[in-house]
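Examining the three-dimensional arrangement
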Amino acid sequence: MEVRIFKDKAALSDHIADFVIEEIRKKTSFNLGCATGSTYKGVYERLVKKHNEGRVSFGKVRTFNLDEYLDINKDHPEAYRNYMSRHFFDHVDINIANTHFPPTDEHAEYESYDGFIASQGGIDLQLLGIGTNGHIAFNEPGTPFTQKTHKIRLADATREANSRFFTSLSDVPRYAVTMGIDTILGAKRILLAASGKDKAAIVKTFLEGPISERVPASALKKHDDVVVVLDEAAAQDIERKHL
Ligand code: F6R
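Conventions used here
Residues numbered from 1 in each chain as written. Predicted model: local features only at pLDDT ≥ 70, side-chain atom pairs only at ≥ 80, totals over all residues. Heavy atoms only, no water. Helix = DSSP H or I, 4+ residues; strand = E, 2+ residues; numbered from the N terminus. Rg over C-alpha atoms; globule rule 2.2 N^0.38 Å. Contact = heavy atoms within 4.5 Å. Areas by Shrake-Rupley, 256 points an atom, 1.4 Å probe, with all protein chains shown as cover. Lys, Arg positive; Asp, Glu negative; His and termini not counted. Charge placed at Lys NZ, Arg CZ, Asp CG, Glu CD. Pairing = 2+ DSSP bridges. Expected span 1.5 Å × (residues − 1). Buried < 20%, exposed > 50% of the residue type's maximum accessible area, 1.4 Å probe, protein only. Core = buried A, V, L, I, M, F, W, Y, C linked by side-chain atoms within 4.5 Å. Phe/Tyr/Trp six-rings, centres within 6.5 Å; stacked < 30°, edge-to-face > 60°.

Considerations on the overall build of the chain
The secondary structure content of the chain amounts to seven helices and 10 strands. A compact globule built from 243 residues should have a C-alpha radius of gyration of about 18 Å, and the chain, at 17 Å, falls within 12% of that. On the principal axes, the C-alpha backbone points of the chain span a range of 45 × 40 × 35 Å. Considering only intrachain contacts with a sequence separation of at least 6, the fraction spanning at least 24 residues in the chain is 79%. In the form shown here, the chain has an accessible surface area of approximately 10800 Å², with 48% of it arising from carbon and sulfur atoms. Taking the average location of the 32 positive side-chain charges in the chain and that of its 35 negative ones, the two points are 3 Å from each other.

Here you go:
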């Protein structure tokens with residue numbers, strides 16, 4: 001895994017936006033795996049800005065989001081489709097019919113998302129954040145690495161972390177549907193971003209510890225094209241001599 005460290009969240013966001021644009025330019029059509037959360041707000045903001053400056057078009061881009069809450073009103077601002085519309089889709093030239101989320105219907109076959117992604121040519125670049133417990137997408141610690149898209153019960157730590165986006169902890173959804181680790185490892189290229197001192201401990205564990213289902217992000221060591229983008233605060237505990 002290649003690790004790149006930037007001064008702060010602004011520099012990290014600039015770098016990721018430029019990275020995404022460069023990857024999009026390489027191909028005639030492009031499948032982008034999208035993450036939500038606070039880490040990516042600045043990245044989408046910059047992608048929108050660069051689009052407005054005429055530096056990038058999303059006309060040939062299809063997006064596939066990692067996850068979506070299940071027990072949430074579809075109109076709730078924190079539903080991930082609404083997050084994506086507000087921060088990205090509504091402000092660029094993407095065809096909304098080309099923006100995809102895991103199925104959320106009660107009787108949906110969640111794994112069908114994997115087949116759908118494969119039928120579209122697979123994901124060219126998957127963007128990931130990381131939870132303080134090591135989750136990627138909503139694959140909580142203990143999730144088998146063989147899982148495809150599936151329904152999960154959110155860990156208490158994840159609900160507490162995400163309660164900052166809701167009026168109270170009891171409003172935070174309990175269930176979500178998420179790409180599995182197997183789905184994520186199917187992407188051609190992966191970029192994981194982490195920002196802030198709250199992520200420093202888990203960044204050290206995932207980079208320097210063993211591959212273990214107790215640390216879902218450690219599965220990325222099984223993939224041969226992963227870039228880890230950190231700011232100084234998230235990188236503060238890692239052994240620089242190995243980089
Ligand atoms: C979001 C997602 C999550 C977040 C992670 C970090 O789609 O899949 O894994 O990337 O919880 O969230 P932030 O960036 O809010 O710290």
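There's plenty left to go through after this.
Structural notes on the pairing of strand β8 (residues 175-178)
The sheet contact formed by strand β4 (residues 67-69) and β8 spans three bridges and is antiparallel. Paired with Asp67 across the strands is Thr178, a residue of β8. Bridge count for strand β7 (residues 150-153) against β8 is four bridges, and the pairing is antiparallel. For Ile152, the partnering residue across the bridge sits in β8 and is Ala176.

Focus on helix α1 (residues 9-26)
Its 18 residues give α1 an end-to-end C-alpha distance of 26 Å, which sits within 8% of 26 Å, the value for a rise of 1.5 Å per residue. Burial in α1 covers these residues: Leu12, Ser13, His15, Ile16, Ala17, Phe19, Val20, Ile21, Glu23 and Ile24.

Remarks on the nonpolar core
The tendency in soluble globular proteins is for nonpolar side chains to be buried as a group. Ranked by size, the top nonpolar core spans 73 residues in total, and within it Ile16 and Tyr40 carry the most contacts. Ranked by the residues each element gives to this core, the list is headed by α1, at seven residues. Discounting chain neighbours no more than four positions away, the residues touching Ile16 are Tyr40, Val43, Leu127, Leu191, Ala193 and Val229.

Observations concerning the packing of aromatic side chains
Scanning the model with the defined rule gives 10 aromatic pairs in all. Ring plane angle 25° and centroid distance 5.1 Å describe the contact between Tyr44 and Phe88, whose orientation is recorded as stacked. In this pair, Tyr44 is assigned in helix α2 (residues 38-52) and Phe88 in the loop between α3 (80-87) and β5 (99-100), connecting sequence segments 44 residues apart. Note on Tyr44: relative accessible area 0%, which makes it buried. With a centroid separation of 5.1 Å and 85° between ring planes, the pair formed by Phe58 and Phe88 is classed as edge-to-face. With Phe58 in the loop between α2 and β3 (61-65) and Phe88 in the loop between α3 and β5, this pair connects stretches of sequence that are 30 residues apart. Owing to a relative accessible area of 0%, Phe88 belongs among the buried residues under this scheme.

What to know about α3
Taken together, the buried positions of α3 are occupied by Tyr80, Tyr83, Met84 and Ser85. For α3, the elements touching its buried residues are β2 (30-34), α2, β3, β4 and α5 (156-162).

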